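Residues per chain are reported as follows:
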Amino acid sequence: MWKNRNVWIILTGEFIAGLGLWLGIIGNLEFMQEKIPSDFLKSLLMATGLVAGIVVGPYAGKITDQKSKKTVMLWSGLLRTISVIFMLIAIATGSVWWMLVFFVTIQISAAFYFPALQATIPLIVKDKDLLQLNGVHMNVSTLSRIVGTAVGGILLVLLPLSMLYIGSLVAYLGLLILTWFLNFEENNDTPSTRKATAGNNSFKNVLPVIKGLPIVFMTLLMTLVPLLFLGGFNLLVINISELQDSSAIKGWIYAAEGISFMIGAFFIKKITDYISPYKILFGSSLLVGFSQILLYFADIFVVTIAAFLVFGFSVGCFFPTASTIFQTKVPKDFHGRFFSFRNMLDRVGFQIVLLMTGFLLDFIGLQLMCLIYGLLSIVTTFIFYVKNKQMRTANQEN
């Protein structure tokens, strides 16, 4: 696997793009803190971009299955690069409306890019290497987040806000150039193959596939549990910073969660031969709920860092396992539509959690909200566990 040039291009591109992404996120948080006082209004602004991604999701899935995945990644990467220009205009004019345009365009780009990327990974390595590559890919993404947030925090103190987005723009251009050098065989590369699959390329055809694969269906449902934490992650960081009256806590939180995620993604490769994917998913979900309950004590620095260490480790185990299940169990002909559907499901979940988090932060406060979220995560995990046992028992009887 490590002699494969495509693997190194994907991983290097992920690191560079991650730097650009997190420079932009740090800039987004700073801009919104200056311009928008309400947490609910912040969440509403971010959710608008997610809606745009959901709207184009079905079309993105069809295009990914029907066209060259490399081409899809190139065009979506170009749109992502252009979107940064809108944010630079927002800073120059002080207009939240230009930030809205930025959110919409970058989310549309993501709606095309990430299904194409997820569908590409199984084409460049063998199935036996997928779990390892998924873990390394997520670790590279996490490392870029740690470096990106640290560099972003430093640049925010030393330079104007616009320089963060200049750095983001350069990073996205670098990813675009690297993507051009990808070289792999695709099932839909020939005109005859495209013509043959075009009639069966309806987005709705992926739904029977999901229903016919119980492990895929259950894993899709399980991904909703971490979303309850991730959907409002940035709003939580802002509120913890305000609660503890510390700007430095933001960097500590991102670093703790990121390092712990990397440990979890490394650890999961060691235990998959001894523990079933289901047990990993359910155990990780319970840890997510526990980490949320810990944030009831978010006014205490040590407990806050401990909560994000637990959360990082749990999702570091969860997401590589889930991605490998999807990539190996779903037929490759449906990968574009499936990963687009998964993206849409994630975006709907993000949108709901984001709006709910913004509302609850204004209405009941951070600590009580985290306690409610934690209990909800644990109860939901228990319900999924019971349903899973019933499904497996029914399948064995049949």
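One can find the structure itself at the top, above this paragraph.
Rules of the game
Residues numbered from 1 in each chain as written. Predicted model: local features only at pLDDT ≥ 70, side-chain atom pairs only at ≥ 80, totals over all residues. Heavy atoms only, no water. 1 Å grid on protein atoms, 1.4 Å probe; cavity = no way out; pocket = protein on both sides within 12 Å on 5 of 7 lines; lining within 4 Å. Points joined across faces, edges and corners; volume = space filled by probe spheres on them. Helix = DSSP H or I, 4+ residues; strand = E, 2+ residues; numbered from the N terminus. Patch = residues over 30% accessible without salt bridge, like charges linked within 9 Å, V, L, I, M, F, W, Y side chains within 5 Å. Areas by Shrake-Rupley, 256 points an atom, 1.4 Å probe, with all protein chains shown as cover. Salt bridge = Lys/Arg side-chain N within 4 Å of Asp/Glu carboxyl O. Buried < 20%, exposed > 50% of the residue type's maximum accessible area, 1.4 Å probe, protein only. Phe/Tyr/Trp six-rings, centres within 6.5 Å; stacked < 30°, edge-to-face > 60°. Contact = heavy atoms within 4.5 Å. Nonpolar A, V, L, I, M, F, W, Y, C, P; charged D, E, K, R; others polar. Polar contact = N/O pair within 3.5 Å; in protein donor to acceptor, adjacent residues only side chain to side chain.

Caption draft 1: The arrangement of empty space enclosed by the protein in detail. The tally for this structure, following the rule as stated, stands at two cavities of 30 Å³ or more. Taken as a whole, the second largest cavity holds about 60 Å³ of empty space. Lining the second largest cavity, in full, are I9, I10, G13, E14, M73, Y113, L117, L175, L178, T179 and L182. Listing elements by their share of the lining of the second largest cavity, those giving two or more residues are helix 1 (5-35), helix 4 (96-124) and helix 6 (162-180).

Caption draft 2: Seen up close, a nonpolar patch on the surface. Taken together, W252, Y296, F297, I300, F301, V302, L368 and I372 make up a surface patch of nonpolar side chains, about 770 Å² in accessible area. Mapped by element, the contributors of at least two residues to the nonpolar patch are helix 14 (301-329) and helix 16 (366-397). Position of L368 relative to the elements: it lies in helix 16. On the basis of relative accessible area, L368 is assigned to the partly exposed category, the value being 39%.

Caption draft 3: Representation of the packing of aromatic side chains. In total, this model carries 17 aromatic pairs according to the counting rule given. Aromatic side chains F282 and Y385 sit 5.4 Å apart centroid to centroid with 85° between the ring planes, which places their arrangement in the edge-to-face category. You can see F282 sitting in helix 13 (residues 277-294) and its partner Y385 sitting in helix 16, a full 103 residues away along the chain. For F282, a relative accessible area of 6% translates into the label buried. Here F359 and F363 contribute two aromatic rings whose centre-to-centre distance is 5.5 Å and whose plane-to-plane angle is 15°, an arrangement assigned as stacked. Note that F359 and F363 are positioned in helix 15 (residues 335-363) at a spacing of four residues, about one turn of the helix.

Caption draft 4: Region of the structure containing the environment of F229. With respect to the secondary-structure elements, F229 resides in helix 10 (residues 224-230). Judged by its relative accessible area of 2%, F229 is buried. Put simply, F229 and S285 are 56 residues apart on the chain and 11 Å apart in space, counted from C-alpha to C-alpha. In contact with F229, not counting residues within four places along its chain, are L236, V288, S291, Q292, L295, F308 and F311.

Caption draft 5: Broad picture of the layout of surface pockets. Put simply, the largest pocket is a space of about 330 Å³. Taken together, 17 residues make up the lining of the largest pocket; nearest its centre are I26, G153, S247, K250 and G251. Elements that contribute at least two residues to the lining of the largest pocket include exactly helix 1, helix 5 (130-158) and helix 12 (248-271). Take the lining of the largest pocket: its biggest share by element is seven residues, from helix 5. Looking at side-chain class alone, the lining of the largest pocket contains 10 nonpolar, five polar and two charged residues.

Caption draft 6: Region of interest: the side chain of T223. With respect to the element layout, T223 can be found in the loop between helix 9 (214-222) and helix 10. Relative accessible area serves as the criterion here: at 2%, T223 is assigned to the buried category. Engagement of the side chain of T223 in a polar contact is seen with the backbone oxygen of L220, the distance being 2.5 Å. Residues within four places of T223 in sequence aside, it is in contact with F318, A322, F326, R342 and D346.

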